[in-house]
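The residues making up each chain are set out below.
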Amino acid sequence: MSDRLAPAKLFATTFLFWILLNGSLAPDVAVVGLIVAAAITYFLPNGLSFLSGYKAKPLATLGYIAFFFKELIKANLSMAHLVLMPTIAVKPAFVKVRTKLTHPVGRLLLANSITLTPGTLSVEIEGEHIYVHWVVAETTDPEAATRKIVAGFEKYLEVIYG
Amino acid sequence: MQSLLGAIVLTAGAVFLALGGLGVWRMPDTWTRIQAGTKATTLGMILSMAGAAILMPGWTIKLVLIALFLMFTNPLSSQVLARAAHRAGVKPDPRTRFDALAADEEAKR
Amino acid sequence: MIRNALIGLMLFILGSAFLTLTMGFEPATELNRTAAYYATHAQEEVGAQNVVTAVLITWRGLDTLGEVTVLFLTAAIVSLVLSRSKAPKGASGSGFLPSGELLTTGTKMLLPLIALLGAYVMANGHLTPGGGFQGGAILASGALLMLLADPSRRFGHKIIHRVESASGLAFVGLGLLGMLFAGGFLDNKLLPLGQFGALFSAGIIPIVSVLIGLKVGAEFASILESLEETEDA
Amino acid sequence: MAELWLAGLLAALGIALSAARFAIGPRAVDRVVAFDALTIISVAGLVIIALATGRAIYLDVALVYALLSFLGVIVAARYLEGGE
Amino acid sequence: MAQVSLLIGFTLILLGLYGALTNRDILRMIVSFTIADAGVNVVLVSVGYMAHRTAPILDSAVPAGQAAARIIDPVPQVLVLTAIVIGLGVTALMLAYAYRLFRLRGSLDISQFMDLKW
Amino acid sequence: MTLLMLATLLCGAGMIGAALVALLTRQTATAVLAAGLLSLFASVLFVLLAAPDVAMTEAAIGSGLTTFLFFYVLGRIRREDKK
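About the thresholds
Residues numbered from 1 in each chain as written. Chains lettered and ligands numbered in written order. Predicted model: local features only at pLDDT ≥ 70, side-chain atom pairs only at ≥ 80, totals over all residues. Heavy atoms only, no water. Helix = DSSP H or I, 4+ residues; strand = E, 2+ residues; numbered from the N terminus. Rg over C-alpha atoms; globule rule 2.2 N^0.38 Å. Buried < 20%, exposed > 50% of the residue type's maximum accessible area, 1.4 Å probe, protein only. Contact = heavy atoms within 4.5 Å. Areas by Shrake-Rupley, 256 points an atom, 1.4 Å probe, with all protein chains shown as cover. Lys, Arg positive; Asp, Glu negative; His and termini not counted. Charge placed at Lys NZ, Arg CZ, Asp CG, Glu CD. Domains from an automatic or database assignment. UniProt positions renumbered as here; feature names shortened; annotations may be inferred. Pairing = 2+ DSSP bridges. Axes fitted to C-alpha atoms, helices over the stretch in contact; angles between N-to-C directions. Salt bridge = Lys/Arg side-chain N within 4 Å of Asp/Glu carboxyl O. Polar contact = N/O pair within 3.5 Å; in protein donor to acceptor, adjacent residues only side chain to side chain. Left-handed = near helix turned anticlockwise from the far one by under 90°. Nonpolar A, V, L, I, M, F, W, Y, C, P; charged D, E, K, R; others polar. Buried area = accessible area lost by both parts, 1.4 Å probe. pLDDT = per-residue confidence, 0-100. Expected span 1.5 Å × (residues − 1). Arc of directions from axis to C-beta. Core = buried A, V, L, I, M, F, W, Y, C linked by side-chain atoms within 4.5 Å. Patch = residues over 30% accessible without salt bridge, like charges linked within 9 Å, V, L, I, M, F, W, Y side chains within 5 Å. Phe/Tyr/Trp six-rings, centres within 6.5 Å; stacked < 30°, edge-to-face > 60°. Lys NZ or Arg CZ within 6 Å of the ring centre and 35° of its normal. Parallel < 35°, antiparallel > 145°, perpendicular 65-115°, else oblique.

Draft legend 1. Spotlight on the overall build of chain E. In terms of regular secondary structure, chain E is built from four helices and zero strands. For chain E, the C-alpha radius of gyration of 20 Å lies well beyond 13 Å, the compact-globule estimate for 118 residues. Here the C-alpha coordinates of chain E stretch approximately 65 × 25 × 20 Å along the principal axes. Taken over 118 residues, chain E has a buried fraction of 58%. Pairs at least 24 apart in sequence give 54% of the contacts found in chain E among residues at least 6 apart. Carbon and sulfur atoms provide 64% of the accessible area of chain E, an area that totals close to 4,600 Å². Positive and negative side-chain charges in chain E, numbering 8 and 6 respectively, have mean positions lying 5 Å apart.

What follows is the structure in structure tokens.
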């Protein structure tokens, strides 16, 4: 994590969000944005952003986003099916899965993605294990669960966040 | 045409929001409620924002920012809540088959 | 029982008074004279799109100074009440358990965004809803998030107190400068009004907004800090 | 206008169901879950109000709401994890 | 609409006062106080509301020329804006006193404090 | 009967319901949560009453900071009771 470019990345992200918030590129907006971004970078030295740890891999990023939205819609359809049935047929379990990611941002994105995908909710992350609550558990074996839950995202996130 | 498309997307989003409410109401225990609440409301929110952006193209940037912020904070708060529920010792649904987290914490002690 | 009867009687009297008030309430259809003045003169006299901010900072600037002073007194009294003696290590704090890894990472990612949103709300107080008080509250929320992610963390109270006194002094100083070089206390024609609707417009309103925001945020952060630093019994 | 009515009514249904869950509990954690769902549905409600009135400035309120409303949930969760 | 919200605000004030007067736990009394506080704010804002008008911000939707005929009264909003911020300060002050009282007496039950009872 | 009227009524019902929950519940933590819910509905109501500035203040203060102050004191009291 000793990234020498970390402040620059934080600065760039902050400035980008400033421009998006203001919705204009007028010179006065840009000047104030530069000042604000510099102040934030100075006062929050260990702030992270989406860019920290990010390896410029546009193809994998696009693949991740597409996969994420596909899974999100699938998750919602299955959840709608579950909720609209007259009796709620759940078979929950807390299972343990394994991740190979080490960068904190990648791990956070992985946990968030698990939360938003079909029937799973990350409860606790500890070392290389993520504890996942599974609404309709198909297996309780860590390896099988890892293949089922994590592998799809990890394939992309491993490339993006190493 | 554009307003029709926007209306359809907006209504689809609202349907998912209502389904989220229904999930929070019907699900049997805390974690399943968190699951229903988070997923359905997140997708519903994204679709509502998309519908509003189609109806009012001038507002797109702000709507995208709202959707981004929510997509980031919502799973985070759900995870913190799920962890808190487990630590507070809330009883899971009797149908829960297996609790790896409780077993591991027991082993550590 | 006589106490409950008294309470019931009092609430009944109040409730009937409220009911008559509501029944007799006729919503106004025209602005009253003050409000109409504010509405019509907001553009040429202050140059601010947001009339609420114009009233808050320019026309009623002295009252706002009073509000900020009340807030300062509140923060001072809270710290006086709570900190008879400073905490030995390990015995203070909210009593919350240590947080998980994801919340820590998420906080690191969200804090710059929250600070940025606070800055946006403060700097755009004359164009969009917002202004000093809202921006200050958002900054204080950022401090709160920092506290939640790491309960054992110590705030830099030196920075907080410096920001607090510097922004307060600058606020009063700007007001006095307005008295010297323009029409009165906090008159915003100290700087040119600029083009209506631009970020650099409305005279000194954006600057005063940022100062109020920093001041309010520092007050709230110092309340949080003095809560955090009281020792256990 | 019809689509706004439809979306508003559906969002109101979601709010009503979550609020009912908030009212009956049974435990404090379940109330926090309902609170979480309610905050997000309210953001969508704010956007629908902005569409109905046609004023873009209301989106700023929704923006602040979206970034700060999760704080209440996290505060409550951090308290409740020490036992109710 | 103004009447409806006025009624809501008054109801909240009454409920909050009832809670503050009948509860025995000091923290619950403070919660009731914040409810009454919110009620007062709603009443003040709804007094300034006018039908068929919009928020007092003069962007492209409300040209500055016809502002006086299109916007609602900004003055109550200014009052409430600062009242909310001061309300948070007051709540913090009350909670600090309550906590100090708990530390001195080891209890938050109001019926245990007999010193100044009438 | 317009959409905004309906939303006002809904917000009012939510606020009064939250106030009732806060008054009737036995747990103090639930009462604090209900107060937070009340401020959430209040902020939507302020938008409906065309006061976005007030709504923004309420959103920034009501749900996060006030709730934290209460839960902080509750947490301290819980810890000292345990001793």
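From this point, the narrative continues.
Draft legend 2. A look at the domain arrangement of chain A. When its domains are assigned, chain A resolves into domain 1 (2–47) and domain 2 (53–161). Taken over C-alpha atoms, the centre of domain 1 of chain A sits 31 Å from the centre of domain 2 of chain A.

Draft legend 3. Structural detail: the UniProt feature "transmembrane region" (unreviewed entry) in chain E. Residues and elements named next belong to chain E. According to UniProt, the positions carrying the feature "transmembrane region" (unreviewed entry) are residues 29–51 and 78–99. The distance separating the terminal C-alpha atoms of residues 29–51 is 36 Å; by composition the span is 87% helix and 0% strand. For the annotated span residues 78–99, helix accounts for 100% and strand for 0% of the residues, and the straight-line distance between the end C-alpha atoms is 32 Å.

Draft legend 4. Quick peek at the pairing of strand β3 (residues 129–134) of chain A. Residue and element names in this part refer to chain A. Buried residues dominate β3, accounting for six of its six residues. Here β3 shows a buried face lined by H129, Y131 and H133 and a second buried face lined by I130, V132 and W134. Two elements, strand β1 (residues 93–98) and β3, share six bridges in a ladder whose sense is antiparallel. Residue R98 lies in a different strand from β3, and its bridge partner there is H129. Two elements, strand β2 (residues 120–126) and β3, share six bridges in a ladder whose sense is antiparallel.

Draft legend 5. Structural context of the sheet that holds β2(A). Taken in spatial order, the three strands make up an open sheet running β1-β3-β2 (chain A), and their pairing is antiparallel. Unpaired on one side and paired on the other, β1 and β2 of chain A mark the two borders of the sheet. Recorded for the sheet is a direction-independent mean angle of 30° between the axes of neighbouring strands. The strands touched by helix α4 (residues 100–108) of chain B are β1, β2 and β3 of chain A; relative to β1(A), the strand with the most contacts, the crossing angle is about 70°.

Draft legend 6. Expanded view of the interface of chain B and chain A. Of the residues lining the interface, 44 residues belong to chain B; the matching set on chain A comes to 48 residues. At the junction of chain B with chain A, the criterion picks out one salt bridge. Its salt-bridge partner being R83(B), residue E124(A) comes within 2.9 Å of it at the nearest N-O pair. In this structure, the connection of chain B to chain A is made through eleven residue pairs in polar contact (both at pLDDT 80 or more).

Draft legend 7. The arrangement of the chains, seen in detail. Inter-chain contacts occur across eleven pairs of chains; the most extensive set of contacts lies between chains A and B. In this assembly chain B lies apart from chain E, the nearest approach of their C-alpha atoms being 12 Å. Separated in space, chain A and chain F share no contact, their closest pair of C-alpha atoms being 16 Å apart.

Draft legend 8. Summary view of the packing of helix α6 (residues 132–149) of chain C against helix α3 (residues 58–80) of chain D. Packing of α6(C) against α3(D) leaves a shortest axis separation of 11 Å and a crossing angle of 35°. Crossing of α6(C) over α3(D) shows left-handed handedness. Seen from α6(C), the contacting residues are I138(C), S141(C), L144(C), L145(C) and L148(C); seen from α3(D), they are V64(D), L68(D), F70(D), L71(D), I74(D), V75(D) and R78(D). A breakdown of the residues in the contact of α6(C) with α3(D) according to their chemical character gives ten nonpolar, one polar and one charged.

Draft legend 9. View of the interface of chain D and chain F. Taken together, the contacts link 34 residues of chain D with 35 residues of chain F. Of the roughly 3,000 Å² buried between chain D and chain F on both sides combined, carbon and sulfur atoms contribute 81%. On inspection of chain D and its partner chain F, the count reaches zero salt bridges. For the pair chain D and chain F, the number of links is two residue pairs in polar contact (both at pLDDT 80 or more). Broken down by element, the side of chain D that touches chain F gets its largest block of residues, twelve residues, from α3(D). Of the residues that constitute the side of chain D that touches chain F, the class distribution is 24 nonpolar, seven polar and three charged.

Draft legend 10. Spotlight on the environment of A75(A). Along the polypeptide, A75(A) turns up in helix α3 (residues 58–84). Each C-alpha atom of the pair A75(A) and W18(A) lies 33 Å from the other, and the pair is 57 residues apart in sequence. Those residues in contact with A75(A) that sit more than four places away from it in its chain are L116(A), T117(A), P118(A) and K39(B).

Draft legend 11. Here's a closer look at the confidence of the model for chain A. In the predicted model, chain A carries a mean pLDDT of 80, and 94% of its residues have values of at least 70. At the level of individual helices and strands, chain A shows its lowest average pLDDT in helix α5 (residues 142–161) of chain A, which scores 77, and its highest in α3(A), which scores 85.

Draft legend 12. Fine view of the confidence of the model for chain E. All names here are of chain E. Chain-level pLDDT for chain E is 83 on average; 94% of the residues reach the 70-or-more range. No element of chain E has a lower mean pLDDT than helix α3 (residues 67–70), which averages 72, and none a higher one than helix α2 (residues 26–48), which averages 89. Confidence estimates for the predicted assembly give a pTM of 0.91 and an ipTM of 0.90.

Draft legend 13. Fine view of helix α2 (residues 28–53) of chain D. Residue and element names in this part refer to chain D. Across its 26 residues, α2 extends 37 Å between first and last C-alpha, which sits within 8% of the 38 Å expected from 1.5 Å per residue. Counting buried residues in α2 gives 24 out of 26 residues, a clear majority hidden from the surface. A positive phi of about 75° marks G54, the residue just after α2.

Draft legend 14. Main features of helix α1 (residues 2–23) of chain C. All names here are of chain C. Under the 1.5 Å per step criterion, the end-to-end length of α1 is 31 Å for 22 residues, consistent within 8% with the ideal 32 Å. If you check which residues of α1 are buried, you get I7, L11, G15, F18 and T22. In an axial view of α1, the angular spread of the buried residues amounts to 65°, which keeps them on one side of the axis. Among the exposed residues of α1, those oriented more than 90 degrees off its buried face are I2, F12, I13, T20 and M23.

Draft legend 15. Local environment of the nonpolar core. In this structure, W18(A), I66(B), F220(C), M15(F), F68(F) and F71(F) are the most contacted members of the largest nonpolar core, which totals 262 residues. If one sorts the elements of this core by residue count, α3(D) sits on top with 19 residues. Shared between two domains, this core takes at least three residues from each, and those domains are domain 1 (2–47) and domain 2 (53–161) of chain A. By size, the runner-up hydrophobic cluster in this structure holds eight residues, among which are M79(A), L82(A), V83(A) and V135(A).

Draft legend 16. Representation of the side chain of R83(B) within the structure. If you trace the backbone, R83(B) turns up in helix α3 (residues 60–87). If we skip the residues at most four places from it in the chain, R83(B) touches V123(A), E124(A), P98(C), S99(C), G100(C) and E81(D).

Draft legend 17. Local environment of a nonpolar patch on the surface. A surface patch of nonpolar side chains, amounting to about 510 Å² of accessible area, comprises Y42(A), F43(A), I159(C), V163(C) and L214(C). Going through the elements one at a time, α2 (27–43) of chain A together with α7 (157–181) of chain C are the ones with two or more residues in the nonpolar patch. Examined against the element boundaries, V163(C) turns out to sit in helix α7.

Draft legend 18. A look at the packing of aromatic side chains. Following the criterion strictly, the structure yields eleven aromatic pairs over all chains and no others. By way of ring pairs, the aromatic residues Y64(A), F68(A) and F69(A) are connected into one cluster. Geometry around Y79(D) places R78(F) over its ring, the cationic atom sitting 4.3 Å from the centre.

Draft legend 19. Layout of the packing of helix α2 (residues 30–55) of chain B against α3(B). All names here are of chain B. Axis separation between α2 and α3 bottoms out at 9 Å; the angle between their running directions is 180°. If you check the angle between α2 and α3, you find them roughly antiparallel. Among the residues forming the contact of α2 with α3, the class breakdown is 16 nonpolar, eight polar and no charged.

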